Each structure stands twice: as C-alpha cells, then as structure tokens.
Amino acid sequence: MTEWVSSELVQKILDSVNQGFEQQLEFTRQMMAFDSTRGKERPAQQLFHDALARRGYDMDQWAIDVTKIESHPGFSPVKFNYDNAVNVVGTHLPDETKGQSLILNGHVDVVPTGPLDMWTRPPFEPWIEGDWLYGRGGADMKAGLCANVAALDALESLGFQPAARVHVQSVTEEECTGNGALSALVRGYQADAALIPEPEENMLVRANTGVIWFRIHVQGKPVHVREAGVGANAIEAATSIIPALKKLEQEWNNARFSHAYFESVEHPINFNIGKIEGGDWASSVPSWCSIDVRVAIYPGVDPRDAASEIEACIRQHAESHPFLKNNLPEVEYNGFFAEGYVLEEGSEAEKVLSRAHTQSFGSSLESFVTPGYLDGRVFVLYGDCPCLVYGPVSKNIHAFDERVSLNSLRQITGTIALFIASWCGLEPATRSNRHRA
C-alpha cells in the first residue's frame, strides 16, 4: 500500500539528498576510476560490495553461471569468459513489512573508450567542469548506480529506512547480453517494482527495442596479389552484404506504424556495422573477413523470427553474388538476443514515480521511447514487475567526453529517495552500521 509522504518530510528528504551530494559524487568518482569494461568488472564490483557491506546490507556476490540461465527465454548467447562477470546485491530487510518491495538496479560494465587521444582528459580519471561530471561510464551508468545508494543514505541520515524489502543490485553484461540482470532474476531476486536510473534525460522510458548481435563470417580464396583476379577477396565479398542489410533495415523502419509507441519515432530500427576484421597481409588477397552487426527489433518481435529474416536476407544476397553463392557466409550469434518491452501505462509504481518527480523537479514527468537496449526488459517480460527506467541528463554516452549533469543527477537522486519513501514506506532506521562510502 502506497504511503504518501507529507510535504514537510518531502522537503527534509530533498534537503538530506543535497547535504549528502558531495559524498555521493566522491563515491561516484571512485567507481568511475575503475576501468570496468568487459572482463574487468570485478574490482569495481568489489568496491560497490564493500560500500554496501559497511552500511549493514545483507550481501550476495557471484559470477554469472551460464548453465543456470542458458535455458531461459531471456538468455543471450555468450562467447566470453564470465569469471569476472560478477553481480553484487545488497538486501535490506525491514523490522516490519508495511510497504511494497523494490529492486534498485544498475549496471557497472562500461563500453570501450576508443582512441584515448580523442578524449579531453583520460577517461578513467573523472573530472568536473561546470555542471558536468566527465568520464567513461559516469553517465552510463555509474552515476545512477551510486544514486540508488545515495537515496537510501539520505533517508538513513534522517533516521529512516524502508519499511519493505529492498535489493540494491549492481550487475554486469548490460552492454552486451543482458545476462547479468537475468542471472539475478534466476537467482531469485524479485520485487513488486524495479527502478533503473539509466541516463534518460529526466524522463521515463515507455517502450524499448530489443537487440540482436551477430557476426558474419566469410572465407575467401587467397592468392598472391599479382594474381588477384583468380582469387576471391573475402573483405570485398563480406562488405557487399552491407547494402542488403541496410535495405532490410529500411523495410523494418517502414513497419513502425504498426508498432505501438514507435509510430512517431523517425528511425527506431538501426542496423549498426560495428566492427570489421579481415585479412592477414597487404600483398595477399584476404582469405577471411568477419563483420559484427547490432540490430534493433520492435517489442513483441521474437528474436528468433528476426534472426530468420536476417539470415534469409544474407542468403538471398549470397545467391546473387558470383563468389558467395558457392561459399555461403556463416552467421554466428554472439551477444544480445533480446526482446524489447513496453511499460504499460497506469501502474501504481508509475504514479508514485510521477509524484516523486514532480516534488523533486517541480515539473510533470514525461515518458518517451528509446531504440537502445535496457535491462528493464528482464523485469517486465520475465519478472512480472513494472520497471521504471528513469535517470539523469547526459551527453556523449558511448562516445568521447561522456558526461552527466550534476544538477539533474541531484534531482534524480531526490526523486529516487522520495519514491522509496512512498513505495516502501518508512520505519525508524535500525541497521547497526550506517557509514557512507
């Protein structure tokens, strides 16, 4: 049962968030200083684990076990070692349950930096200029991850704790498979609602595309370059497939009018040619080439059906190509194989968030549609749980000089604290250890 917070307490909570904001930023910068790109997540996760443990949460930490999730419909195929793909969950249990349970989720993994000389400063040495906190992974999404903790800290500083079970999650693999959030679900972490403070421009995500990752392998016929005409260039053959994929991309975009919430999105489906590798020597006709592709799919589209269309597209092109028709490309699925989702309007959780947002920002909560992947699909599709993906203003995520707005982050943290207070209810704080990071 939702417990609306009095106007007097609302102001006290927002003041507490403001008072703790410098400490929140310090913790955020500590987390950002770790290079937690894929395969390197463990040190950052240990810092997060220790910060929650000092606060007295019941701690759980584990590496993703593929055998426990590979049969789940939400599983994405993986070709990567998961020894350092560590999840962390800190659980708060109330003295008396009065409110509704909650998952506060965020991901610790970040995307690669790209060439370092294209950054103004080193990407893992976070810096502040004006209203902006710069550095790789700050906006996407360590600022939001740490905001979850800071919101609970703000309540504890006032002598309160949630009057319901709360799981604070830091997961991996959000940037490539979604298997981290899925692993936490399969492990048994469920709640009445979930909140993920991804960088969403102070808005709530209403609908989100699914994503498929795949790799196209082409084998050529190597010869010395002096005899190039009798060989077959694998790189040229592989890249000839790209226009065919772009044609399919346009067909899928033309179908947006039949998908709710995507009618007004100009280009919701993107086929991104993300990586090309091939050949061994400039003076040899290349014998191999691989292309990595990321594509979006509409909510409600089964990734298996979309994959069949993609394979048919590649096969049709190959049949018209003089070399590929007798040397068919191989398609390998090597990451996201994820369905999109729609957050149905009118849930109690959304109403509580809307009120909390208005109290923190002084304006109405808006929602929008995004063609990027979000772990919210795990909760909505498989956890029977409304997932509120809502977070701060950012610039240049997945690019150079990534940054998050400090003023927006502070107000988002206020919203989260107010949401917890109303959704979970409050009781006097009793956890024995209450230290901020």
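Residues numbered from 1 in each chain as written. Predicted model: local features only at pLDDT ≥ 70, side-chain atom pairs only at ≥ 80, totals over all residues. Heavy atoms only, no water.

Visitor: How do you make sense of the overall build of the chain when you look at a structure like this?
Guide: Tallying secondary structure elements over the chain gives 11 helices and 19 strands in all. The C-alpha atoms of the chain give a radius of gyration of 23 Å, which matches the 22 Å a tight globule of 437 residues would have. On the principal axes, the C-alpha backbone points of the chain span a range of 80 × 45 × 40 Å. A total of 437 residues make up the chain; the buried ones form 57% of that total. Expressed as a percentage of contacts within the chain between residues at least 6 apart in sequence, the contacts between residues at least 24 apart total 84%. Just so you have it, the chain exposes about 17,800 Å², and 48% of that area is on carbon and sulfur atoms. Averaging the locations of the 36 positively and 57 negatively charged side chains of the chain gives two centres separated by 2 Å. (Helix = DSSP H or I, 4+ residues; strand = E, 2+ residues; numbered from the N terminus. Rg over C-alpha atoms; globule rule 2.2 N^0.38 Å. Buried < 20%, exposed > 50% of the residue type's maximum accessible area, 1.4 Å probe, protein only. Contact = heavy atoms within 4.5 Å. Areas by Shrake-Rupley, 256 points an atom, 1.4 Å probe, with all protein chains shown as cover. Lys, Arg positive; Asp, Glu negative; His and termini not counted. Charge placed at Lys NZ, Arg CZ, Asp CG, Glu CD.)

Visitor: Would you mind going over the sheet that holds strand β11 (residues 271-278) with me for this structure?
Guide: Hydrogen bonds between backbone atoms are what pair the strands of a sheet, whose relative direction is either parallel or antiparallel. Spatially, β11-β12-β10-β13 is the arrangement adopted by the four strands of the open sheet, whose pairing is antiparallel. Since the sheet does not close on itself, it has two edges, and those belong to β11 and β13 (330-338), each with one partner. Strand after strand, the sheet turns through a mean of 15° between neighbouring axes, direction not considered. For strand β10 (residues 210-219) and β13, the ladder comprises six bridges, and the chain directions are antiparallel. Across the sheet, the residue bridging to Phe-214 is Tyr-333, located in β13. Its contacts with the sheet put helix α7 (residues 242-254) on β10, β11 and β12 (288-297), and the angle it makes with β11 is roughly 165°. Each of β10, β12 and β13 touches helix α8 (residues 303-319); the most contacted strand, β13, lies at about 150° to it. (Pairing = 2+ DSSP bridges. Axes fitted to C-alpha atoms, helices over the stretch in contact; angles between N-to-C directions.)

Visitor: What exactly am I supposed to notice about the packing of aromatic side chains here?
Guide: How two aromatic rings sit relative to each other is set out by the distance from centre to centre and by the angle between their planes. Following the criterion strictly, the structure yields 11 aromatic pairs and no others. Geometrically, the ring pair formed by Phe-27 and Phe-48 is stacked, given 6.2 Å between the ring centres and 15° between the ring planes. You can see Phe-27 sitting in helix α2 (residues 21-32) and its partner Phe-48 sitting in helix α3 (residues 42-54), a full 21 residues away along the chain. Looking at Phe-48, the relative accessible area reads 0%, which means it is buried. For the pair Phe-214 and Tyr-333, a centre-to-centre distance of 6.3 Å together with 55° between the ring planes defines the contact as tilted. Of this pair, Phe-214 sits in strand β10 while Tyr-333 sits in strand β13, placing them 119 residues apart in sequence. (Phe/Tyr/Trp six-rings, centres within 6.5 Å; stacked < 30°, edge-to-face > 60°.)

Visitor: Just checking my understanding: could you explain the sheet that holds strand β1 (residues 58-63) for this structure?
Guide: In space, the six strands of this open sheet follow the order β1-β2-β7-β3-β8-β16, with mixed pairing throughout. Two strands bound the open sheet, and with one partner strand each, they are β1 and β16 (387-389). Averaged over all adjacent pairs, the angle separating strand axes in this sheet is 15°, with direction ignored. Note: β1 against strand β2 (residues 86-92), six bridges, orientation antiparallel. Among the inter-strand pairings, Met-59 is bridged to a residue of β2, identified as Gly-90. The strands touched by α3 are β1, β2 and β7 (166-171); relative to β2, the strand with the most contacts, the crossing angle is about 10°.

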